[in-house]
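Reading the structure
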Amino acid sequence: MRVVVSGGCGFLGSHLCEALLRRGDQVCCLDNFSSGRASNVAHLLSEPGFVCTPSDVTQQLRVNVDVDAVVHLASPASPLDYARHPLETLAVGSRGTENLLRLAVRHQARFVLASTSEVYGDPAVHPQDEDYWGHVNPVGPRSVYDEAKRFAEALTMAYRRSQGADTGIVRIFNTYGPRMRADDGRVVSTFVSQALDGEALTVFGDGSQTRSLCYVDDLIRGLLAMVDTDLPGPFNLGNPSERTVRELAELVLRLTGSDGGLRFLPLPVDDPVRRRPVITRAREGLGWSPRVPVEAGLRRTVAWFAAQSDTSVRPPAHSPVGRSS
Ligand SMILES: NC(=O)c1ccc[n+]([C@@H]2O[C@H](COP(=O)([O-])OP(=O)(O)OC[C@H]3O[C@@H](n4cnc5c(N)ncnc54)[C@H](O)[C@@H]3O)[C@@H](O)[C@H]2O)c1
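Presented here is a report on the structure given in the accompanying data block. For clarity, every value in this text was computed on a predicted model and none was experimentally measured.

A count of helices and strands for the protein gives 9 helices and 13 strands. Relative to a compact globule of 325 residues, whose C-alpha radius of gyration would be 20 Å, the protein shows 19 Å and is just as compact. For the C-alpha atoms alone, the extent of the protein along its principal axes is close to 55 × 45 × 35 Å. Buried positions account for 57% of the 325 residues belonging to the protein. Put simply, 81% of the contacts in the protein that link residues at least 6 apart link residues at least 24 apart. Just so you have it, the protein exposes about 13,100 Å², and 50% of that area is on carbon and sulfur atoms.

Right, here's the structure in full:
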């Protein structure tokens, strides 16, 4: 298959490009490097099936090859990133999604949208299955991301219903692993880099809020399954194993051997209190479920962060918009 991956230089995108190449697909990666890094795909540049084109997907797309599938991952994804780039976040969720849907329709290609658990907002039901419509504050600081993804889902379904497009939607829950940016403000990258620096881990509120963390390799298997099916979804992709943020912090301290301790900060606005995916639909429809336990995944993540020589990027001590993604 020839697969276009938007956002292919980001955390998830670079792992997806790698996995597609590994199974023999050809990959055309589009990225504007706003939160992604060329270094994430540098090791792929010598692969014959890989092309990386600097490209803002909200502008006119230039893809001059045949395309069998389009996976749309481009978007600021961490609360810090979308707080810094609110208009770009709305643009890539709306114009960017439409440009990529048009590309897919033109080539009669499969289109997969990377949506998010944030479409559920601060959920009023727990755990969350795909039939839950969400509890989103449309004017809150996180709304640019949540509503952009909700719009992107609506647009995807409209193209499916009105244009006969072969579309699929996955709602990704918190995913972690190698190639996260130390300064992205997300819970795992922040805790791990703070612990490796011997700093106190910054916990919002009393740390009793929960997160369900999926290791990146598991998530990528789910994305590949979504490329290969013609099912529309939406499918939750995430690990239902739920932990409090405080438990996660203590686990990271243990795995890194850090004695930096914890530092408690006020809970940010609209920070979701509980998140856990119901993955029955993905289990049954895609034959997918996560395999990597949190402790094993965190060990691999810690090892990767520890091996990075670039220690110039440090996480901010405190993100005012939270860190659930
Ligand atoms: N990582 C998670 O836990 C998680 C959870 C839910 C949803 N998602 C979704 O998965 C996708 C990838 O997330 P990630 O964690 O890899 O984030 P990331 O920031 O590492 O990757 C996003 C990539 O998109 C690129 N990009 C942004 N705007 C663009 C534009 N206009 N044109 C071209 N490229 C653009 C960035 O440069 C970056 O490489 C996002 O759509 C995100 O919403 C991720």
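Let's pick the thread back up.
Time to look at the pattern of salt bridges. Applying the stated criterion across every chain, the model contains 23 salt bridges. Across the salt bridge formed by Arg179 and Glu18, the nearest N and O atoms sit 2.7 Å from each other. Of the two residues, Arg179 is situated in the loop between strand S7 (175-176) and helix H5 (187-196) and Glu18 in helix H1 (residues 11-22); the sequence distance between them amounts to 161 residues. No difference in accessibility class separates Arg179 from Glu18, as the two residues are buried. Across the salt bridge formed by Glu147 and Arg150, the nearest N and O atoms sit 3.6 Å from each other. Of this pair, Glu147 and Arg150 both sit in helix H4 (residues 143-163), 3 residues apart, which is roughly one turn of the helix.

Glancing now at empty space enclosed by the protein. Considering all chains together, one arrives at 3 cavities of 30 Å³ or more under this definition. Volume-wise, the largest cavity comes out at about 70 Å³. Lining of the largest cavity is provided by 13 residues; of these, Ala74, Ser75, Val92, Gly93 and Lys149 occupy positions nearest its centre. For the lining of the largest cavity, the class distribution of residues is 7 nonpolar, 5 polar and 1 charged.

In this section: the site of the ligand. Around the ligand sit 30 residues, and of these Asp31, Ser35, Tyr145, Lys149 and Arg186 come closest. In this structure, a nitrogen atom belonging to the ligand sits 3.2 Å away from a main-chain N or O atom of Asn32. Here an oxygen atom of the ligand and a side-chain polar atom of Lys149 are 2.7 Å apart. Contact with the protein chains covers 98% of the free accessible surface of the ligand, which is 820 Å². Cavity membership is defined here by more than half of the atoms lying within 2 Å of grid points; on that basis the ligand lies in the largest pocket. If you list the elements that add at least two residues to the shell around the ligand, you get H1, strand S5 (110-116) and H4. The greatest single-element share of the shell around the ligand, amounting to 3 residues, is contributed by S5. Its residues assigned to classes, the shell around the ligand comprises 13 nonpolar, 13 polar and 4 charged.

What follows concerns the pairing of strand S6 (residues 167-172). Extensive coverage of S6 is indicated by the burial of 6 of its 6 residues. Here S6 shows two buried faces, one formed by Thr167, Ile169 and Arg171 and the other by Gly168, Val170 and Ile172. With 6 bridges joining them, S5 and S6 adopt parallel strand pairing. Looking at the pairing, Thr116 lines up with Ile172 of S6. Regarding topology, H4 serves as the crossover connection from S5 to the parallel S6, and that connection is right-handed. Across 3 bridges, S6 lies against strand S11 (residues 235-237) in parallel orientation.

Rules used throughout
Residues numbered from 1 in each chain as written. Predicted model: local features only at pLDDT ≥ 70, side-chain atom pairs only at ≥ 80, totals over all residues. Heavy atoms only, no water. Helix = DSSP H or I, 4+ residues; strand = E, 2+ residues; numbered from the N terminus. Rg over C-alpha atoms; globule rule 2.2 N^0.38 Å. Buried < 20%, exposed > 50% of the residue type's maximum accessible area, 1.4 Å probe, protein only. Contact = heavy atoms within 4.5 Å. Areas by Shrake-Rupley, 256 points an atom, 1.4 Å probe, with all protein chains shown as cover. Salt bridge = Lys/Arg side-chain N within 4 Å of Asp/Glu carboxyl O. 1 Å grid on protein atoms, 1.4 Å probe; cavity = no way out; pocket = protein on both sides within 12 Å on 5 of 7 lines; lining within 4 Å. Points joined across faces, edges and corners; volume = space filled by probe spheres on them. Nonpolar A, V, L, I, M, F, W, Y, C, P; charged D, E, K, R; others polar. Near = heavy atom within 4 Å. Polar contact = N/O pair within 3.5 Å; in protein donor to acceptor, adjacent residues only side chain to side chain. Sits in = over half its atoms within 2 Å of the grid points. Pairing = 2+ DSSP bridges. Right-handed = clockwise from strand over helix to strand, strands pointing away.

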